[in-house]
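Chain and residue survey
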Amino acid sequence: MPILLPFHKSILEEIHDPATSDLLILARGLGLRRTICTLMQIYDSKQSLILLLNASPEEETAIGDELGIMGCRRPGLRIVGYEMGKRDRQDLYKNGGLISVTSRILIVDMLQSDIPTELITGLIVLHAEKVTALSLEAFIVRLYREKNKAGFLKAFSDQPEHITSGMSPLKNIMKELQLRRVHIYPRFHEDVKNTLETRRADVIELYQRLTEPMEAIHHAIVQCMTITLSELKRSNKTLELDDLNVESAYFRSFDAVVRRQLDPVWHKVGPRTKQLVGDLATLRRLLTYLLSYDALAFHAYLETLVTSNTTTVTGAAKQHQSPWMLTDAANIIFSTAKRRCYVLTAPKPTSSVPESQVIDVDDEDAWAALDEAHGLTRSNNGDNGKKKEEKKPWVPDNMSPVLEELPKWDLLADVLQEIEEELMRQEAVSTRPPTRGTNTVLVMTSSPRSSTLVSEFLGEMDGTAPKGSRGRSMMERKLRTYLYWKGQNARQKQPRYQQPPRFSVPQPQSSSQPEGEISEALKRKDKTRQERSANRRRVRGGAPMTVAPSKPAVVDPKVESRDDGDDIAAFLASQPSDLLVSSDADALLLETLLSSEAEIDFDTHYGLLAPSQTVVVRAYTDDTDDQILAELQPRFIVMFEPNLDFVRRIEVYRNSNPGMGVRVYFMVYQLCCEEHKYLAGLRREKESFEKLIKERGSMLLPIFEDKHAGKSDAVIKTISTRLAGGRKELSTVPSQVIVDMREFRSTLPSLLHASGLLVIPATLTVGDYILTPDMCVERKSIPDLVASFNSGRLYTQCELMSVHYKQPILLIEFEENKSFSLETVAESAKSYAKPTSKYPAKKSTGPTDSDRAPPSIQSKLVLLMLHFPRVRIIWSSSPYGTADIFNDLKANAFEPDPNRAIAIGAEEDTEAGAGINAAAEELLRCLPGVTAKNVKYVMNKVGSVRELCELDRKGVQGILGVEPGNACYDFMHRGERNTGS
């Protein structure tokens, strides 16, 4: 059970009172989950109903486990999911206790009165920073406060950076949650500071310099980011982009900030601006991957970037390429990343080439003398001959593997060696083991991929090798995989060209021609090209940072990468097919595992390891790291990459275990984005808390009113003036709208309720919203509209609405603060340009790109209107606009009947579908000729799908009709016809 620190107790003393509702904003890493679990333990009782909202599935599991450890086991935290039925949920709510439920399920249960809202003891809301006026949590709070004034609401957040954007963000969150008290606990809070500075861990800061190639790549990436950002500001001078700089581009939220500012004018900006926004995210990822990926993975990622930047999905040349790839800095990135992996040397010349008489490539003494004459030093000259002798058979002849390792790998190996020596020294000094803590070493990384890479390095590390080559075996294995990948890519490109460039192996299509002359000519041409490119690469290898001024900077890496792929594919084509797939070492390992020796020595291979022999490598997560620290209780922690949250977790862990000595190795790359990002994150969090404290001091608290205090006004508002003779009649039915269950994923039902309409959830077959007995609305967002057109679902929906309702409506709803346009200005301008006498229209020699392109959304909408003339289209700029439109459409109209709306399009007999197999019905609906209108009729005619398949063609036509019957029969019996033929 975790120990509560003094500042945890002071927080609980302030917020534990059930008579108050509070918002707690706590700095990350200070034990927010521990505080929430303790609070839920206090409230745990069968006489109370406590609901946990806005928790992810991982958080639900972790909170349930921690409550079980704390003693809340009977029944503990129950989780309500989509698989739980309506009756089961009702019984669960009535029994009380701690329940975690998703917002979408809870809002439907509250609207349908499946949960006794007036009996809810309290709500606990996580991630309060995500609550807005459009969120379901705000909808739940409004319904909760309409029927329950005595229950409490506790909201929690550990993301202060998300509550600092916009006008009065803290006040808006408290307004939506209907709260009046907020507690802010940053790291510099007096109680937190006094508690955590009592006992401090032994921290050893290790600053590692990047290698020279990594420094060159890092500097070039930052230069590309600066160029891209300045170009973005220059092309969009009307927007407020002055606050954006390279330092803010280190964080993942930077992309969202830039996109949020460009969203209102997104339909006006050109493709170049859109490309720049995407390039900023790509360059930010490159900075992260440079420090966490191995050299081969980073180089492979760069190659995919180059390919995707020059070629579209269809294989055509890409029009709008990334501007940063056309800079000199990009050439440094590509060429240096390649040299970190391997160096291409001159191929071994044959006697037919006259240049072989000048210098022998294999003569290392001659190369050494030449380098010495030019003033170049060759530090690995002595080892080069050995490497040539021990060269792997799967490495091409003109390739010299470099395989640069990350500098932190050697540093980690030295740290683990130091920890092992320290453990041995402690065992020699004291005979009894330490009473608290274990000797397990915990290594924390930034991502699961990074932790996998570190685990592979530690598993295959050669301790006797010199620094920089301890992970040589692992890198060689990765190089082998990389060569296989390159060869496969080059082989896949072969059919696209009649003759692949630089391939000397004969192709099948050239077998009818005289083989000897053509192959010799191609060989001589290929060798000449290879020697020229090899000489060019050797010059670059001697001067890595120079760029030839006579050629464009971006051409060289692309040409080199393509030539490399062709070289590798040509080499693999001349080797056995299983050269890169299987190896003798793998076969030997398999034999060892299957042999009896492994079974005899079972404990050595599969038994439990002693804590002193265990190194646990994990990636940073959330508050689950606190539980890991409490379970493992390590005395040695290695932070392979810096993380501000985990630093606080170690402080809390150290103060929660008073008698334990904790040593922390804090590893960080010096003078690079990793160090800058850590310091910038610390500064951002401090500034965010200062803004929140300042806003709390000058914040105006809202006064909450009871909207249902005067119901007489609502009754008078629903006067019906459609009766004959001018008579007026009061309607006692409140203004209501029937909403389909699936629509609660959107924000519109919440806004409809906020506008004063009574929202009634129901499972509708036809339409999404029923406004009046004659008016049905099908709502489509832009992505849903495109998907519905592509699948044909919209045609069926409009058909059903036209059959059952007099006023069918298609509502096309755009997102708030985004472009209110279906196409960009550039796309619309090029289609409406008229030819003049000065610039006459070009004669078309064939179908243009616009002719080959699929029809636009506007064209499909026109066709839809021609087929269904009674369907009306309403355009809405945002959900707020939709709520106003619905209120206007319902003015002076009758209210819809929920029972009739549910029955429309569904089976009349409510008991008819009780014994139907849902999976078989779904399969039947997928058959051609079977639609939503005739599926019930087909199910009444045949007892199963098998019975339908056994009918002859006339039988299927008798049920579905001639044309649909033919389509269904051909579909079902197509396989038999193919096998018979």
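Preceding this paragraph is the structure being described.
For clarity, every value in this text was computed on a predicted model and none was experimentally measured. (Residues numbered from 1 in each chain as written. Predicted model: local features only at pLDDT ≥ 70, side-chain atom pairs only at ≥ 80, totals over all residues. Heavy atoms only, no water.)

1. Quick look at the packing of helix α10 (residues 253-262) against helix α11 (residues 271-292)
Between α10 and α11, whose axes approach to 10 Å, the crossing angle comes to 170 degrees. Classified by the interaxial angle, the pair formed by α10 and α11 is roughly antiparallel. Of the residues in α11, those in contact with F254, D255, V258 and L262 of α10 are T273, V277, L280, A281 and R284. Grouping the amino acids of the contact of α10 with α11 by side-chain chemistry returns six nonpolar, one polar and two charged. (Axes fitted to C-alpha atoms, helices over the stretch in contact; angles between N-to-C directions. Helix = DSSP H or I, 4+ residues; strand = E, 2+ residues; numbered from the N terminus. Parallel < 35°, antiparallel > 145°, perpendicular 65-115°, else oblique. Contact = heavy atoms within 4.5 Å. Nonpolar A, V, L, I, M, F, W, Y, C, P; charged D, E, K, R; others polar.)

2. Some thoughts on the packing of aromatic side chains
Here the structure, examined in full by the defined rule, presents twelve aromatic pairs. Note on Y342 and Y482: the rings are 6.2 Å apart at their centroids and 40 degrees apart in plane angle, and the pair reads as tilted. Linking Y342 in strand β9 (residues 342-344) with Y482 in helix α18 (residues 472-493), this pair joins segments that are 140 residues apart in sequence. Classification of Y482 as buried rests on a relative accessible area of 4%. Residue placement shows R449 over the ring face of Y293; its charged tip is 4.0 Å from the ring centre. (Phe/Tyr/Trp six-rings, centres within 6.5 Å; stacked < 30°, edge-to-face > 60°. Buried < 20%, exposed > 50% of the residue type's maximum accessible area, 1.4 Å probe, protein only. Lys NZ or Arg CZ within 6 Å of the ring centre and 35° of its normal.)

3. Structural notes on the sheet that holds strand β5 (residues 122-125)
The strand order across the open sheet formed by seven strands is β3-β4-β2-β5-β6-β1-β7, and the pairing between neighbours is parallel. Strand pairing shows two members of the sheet lacking a second neighbour, β3 (77-80) and β7 (182-185), which therefore form its edges. Within this sheet the neighbouring strands show an average axis-to-axis angle of 20 degrees, counted without direction. Seen against the sheet, helix α2 (residues 32-43) touches β1 (22-26), β2 (49-53), β3, β4 (97-101), β5 and β6 (152-157) and runs at an angle of roughly 165 degrees to β6. Strands in contact with helix α7 (residues 169-177) are β1, β6 and β7; relative to β1, the strand with the most contacts, it is inclined by about 140 degrees. (Pairing = 2+ DSSP bridges.)

4. Some thoughts on the environment of D255
Turning to its location among the elements, D255 is positioned in helix α10. Counting along the chain gives 26 residues from D255 to A281, while the straight-line C-alpha distance between them is 6.2 Å. In contact with D255, other than residues within four places in its own chain, are L280, A281 and R284.

5. Quick notes on the side chain of N934
With respect to the helices and strands, the residue N934 is situated in the loop between α36 (918-925) and α37 (935-941). Classification of N934 by relative accessible area gives buried; the value is 18%. Only 3.2 Å separates the side chain of N934 from the backbone oxygen of G929, close enough to count as a polar contact. Those residues in contact with N934, other than ones at most four positions away along the chain, are G929 and L960. (Polar contact = N/O pair within 3.5 Å; in protein donor to acceptor, adjacent residues only side chain to side chain.)

6. Details of helix α6 (residues 136-147)
Here α6 is twelve residues long and its end C-alpha atoms lie 17 Å apart, about the 16 Å a rise of 1.5 Å per residue gives. Residues of α6 that are buried include every one of L136, E137, A138, F139, I140, V141, R142, L143, Y144 and R145, and no others. Buried residues in α6 make contact with β2, α5 (103-111), β5, β6, α7 and α28 (748-754). (Expected span 1.5 Å × (residues − 1).)

7. Re the pairing of strand β13 (residues 634-639)
Taking burial as the measure, the six residues of β13 include six buried ones, the bulk of the element. Two strands pair when backbone bridges link them, and β13 and strand β14 (residues 663-669) are joined in this way by four bridges, in the parallel orientation. Each bridged residue has a counterpart across the sheet, and for I637 the counterpart in β14 is V664. Crossover handedness for the path β13 to helix α25 (residues 644-656) to β14: right-handed. (Right-handed = clockwise from strand over helix to strand, strands pointing away.)

8. Side note on the sheet that holds strand β11 (residues 438-445)
What the five strands build is an open sheet, ordered β8-β14-β13-β11-β12; its pairing is parallel. Each edge of the open sheet is held by one strand with a lone partner, namely β8 (202-208) and β12 (615-619). When the angles between neighbouring strand axes are averaged without regard to direction, this sheet yields 20 degrees.

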